[in-house]
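Chain and residue survey
Residue strings, one per chain:
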Amino acid sequence: MNEISKQYEYKLENYIVGEDETPLQETLQGETQDVRLFAALIAETCLKISDEFAKTCPHPTAIRTDYGEVELRVHLPKAILRAAGGLWHKSVSILRTIQERGRAARRLMLLEEEFEMREIRTFCILGANRWERLEKQAVNISLKFQGPGGHKWGSTVVDTYQAMSCGVAERVERSSFQSVEALASFVARIVTVDFENDKVTVLVEKPNALEFAGGSGLEITRLRAFYL
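Quantities reported herein were computed from a predicted structural model and do not represent experimental measurements.

1. Observations concerning the packing of aromatic side chains
- Scanning all chains against the criterion turns up 3 aromatic pairs.
- A centroid spacing of 5.7 Å and a plane angle of 80° characterise the contact between Phe115 and Trp153, whose relative ring orientation is edge-to-face. Placement of the pair is Phe115 in strand E4 (residues 103-126) and Trp153 in helix H4 (residues 152-173), with a sequence separation of 38 residues.
- For Phe115, a relative accessible area of 1% gives the class buried.
- Residue Trp153 is classed as buried on the basis of its relative accessible area of 17%.

Written out as structure tokens, the structure reads:
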């Protein structure tokens, strides 16, 4: 581990906490190659600048006490080989004073997160009409995960998104479906049951379905409990 990584881990461990006040570095279990770390560093920098400005402002009453909040979106266009739209991460962070070892401490709190894998490209037999079942059609699948910041569910997504995208694409290509609804539910089951995600939103798009439109699609949200 290089010197920059050591400093970066130290900052996360001592300054950034999850929504339940758990240090973010403990949630990440020492990982350093994580989009959440990159996003947290940017949010930390922005909010620290705001905090320093607020402390030196000659008119402190003109600044709202809840000023320290930032929403950040990070796009990694080539993070997932099978996903043309790449990996997206959204986070909402605030500066908050918490009790730590019997004293007040200013910390960056990660309130909520969202991960999105956009346009996983695959081909399959899709449709109930005879002409729709003659050959495979192009299908784009997007997966979205949302929840409170700094919790274990985020690590599940980060640890498995590469295998998950490949697993979804390969299993869809080996199957056939009579409706977009059936395909979306099939994908949701793989993501929640096989890869142990508690909740997922699946968007299925057929880019070649309509002549005078970009395509047709369907979006569903499923909990893991739905299939158990």
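On we go from here.
2. Structural notes on empty space enclosed by the protein
- Counted by the stated rule, this structure contains 1 cavity of 30 Å³ or more.
- Computed from the structure, the largest cavity encloses a volume of approximately 40 Å³.
- Considering the residues around the largest cavity, the lining is formed by Arg73, Trp88, His89, Lys90, Glu114, Glu116 and Arg118.
- Counted by class, the lining of the largest cavity contains 1 nonpolar, 1 polar and 5 charged residues.

3. Side note on the nonpolar core
- Counting 39 residues, the largest nonpolar core has Met117, Ile141, Leu143, Phe145, Leu183, Val187 and Val202 as its most contacted members.
- Of all elements in the fold, only helix H3 (35-56), strand E2 (69-76), strand E3 (83-100), E4, strand E5 (137-148), H4, helix H5 (180-194) and strand E7 (199-206) reach the threshold of two or more residues within this core.
- Per-element tally for this core: the top contributor is H4, with 8 residues.
- For Leu143, the residues in contact, after removing those within four places along its chain, are Phe115, Glu116, Met117, Ile120, Met164, Val187, Val191, Val200, Thr201 and Val202.
- Within the second largest apolar cluster, 7 residues are counted, among which are Ile16, Ala40, Leu47 and Leu95.

4. Some points on the environment of Thr192
- Position of Thr192 relative to the elements: it lies in helix H5.
- A relative accessible area of 0% places Thr192 in the buried class.
- For the pair formed by Thr192 and Arg224, sequence separation is 32 residues and the distance between their alpha carbons is 5.0 Å.
- With sequence-adjacent residues up to four places away left out, Thr192 is seen in contact with Asn197, Val200, Arg222, Leu223, Arg224 and Tyr227.

5. Describing unusual backbone geometry
- Positive phi, close to 60°, is recorded for Glu119, a residue that is not glycine.
- Unlike most non-glycine residues, Glu196 shows phi in positive territory, near 60°.
- Within the secondary structure, Glu196 sits in the loop between H5 and E7.

6. Concerning the confidence of the model for the protein
- When the pLDDT values of the protein are averaged, the result is 82; 82% of them are 70 or greater.
- In the model of the protein, helix H1 (residues 3-15) stands out as the element of lowest mean pLDDT, 47, in contrast to H5, which has the highest, 97.
- The low-confidence segment residues 1-11, where pLDDT is below 50, has 12 contacts with residues more than four positions distant or belonging to other chains.

7. Looking at the packing of H4 against H5
- In the contact formed by H4 and H5, the axes pass within 10 Å of each other and the chain directions differ by 140°. As summarised for this structure, H4 and H5 are arranged oblique, according to the angle between their axes. The handedness of the crossing between H4 and H5 is right-handed. For the pair H4 and H5, the contacting residues are Met164, Val168, Arg171 and Val172 in the first and Leu183, Phe186, Val187, Ile190, Val191 and Asp194 in the second.
- Grouping the amino acids of the contact of H4 with H5 by side-chain chemistry returns 8 nonpolar, no polar and 2 charged.

About the cut-offs
Residues numbered from 1 in each chain as written. Predicted model: local features only at pLDDT ≥ 70, side-chain atom pairs only at ≥ 80, totals over all residues. Heavy atoms only, no water. Phe/Tyr/Trp six-rings, centres within 6.5 Å; stacked < 30°, edge-to-face > 60°. Helix = DSSP H or I, 4+ residues; strand = E, 2+ residues; numbered from the N terminus. Buried < 20%, exposed > 50% of the residue type's maximum accessible area, 1.4 Å probe, protein only. 1 Å grid on protein atoms, 1.4 Å probe; cavity = no way out; pocket = protein on both sides within 12 Å on 5 of 7 lines; lining within 4 Å. Points joined across faces, edges and corners; volume = space filled by probe spheres on them. Nonpolar A, V, L, I, M, F, W, Y, C, P; charged D, E, K, R; others polar. Core = buried A, V, L, I, M, F, W, Y, C linked by side-chain atoms within 4.5 Å. Contact = heavy atoms within 4.5 Å. pLDDT = per-residue confidence, 0-100. Axes fitted to C-alpha atoms, helices over the stretch in contact; angles between N-to-C directions. Parallel < 35°, antiparallel > 145°, perpendicular 65-115°, else oblique. Left-handed = near helix turned anticlockwise from the far one by under 90°.

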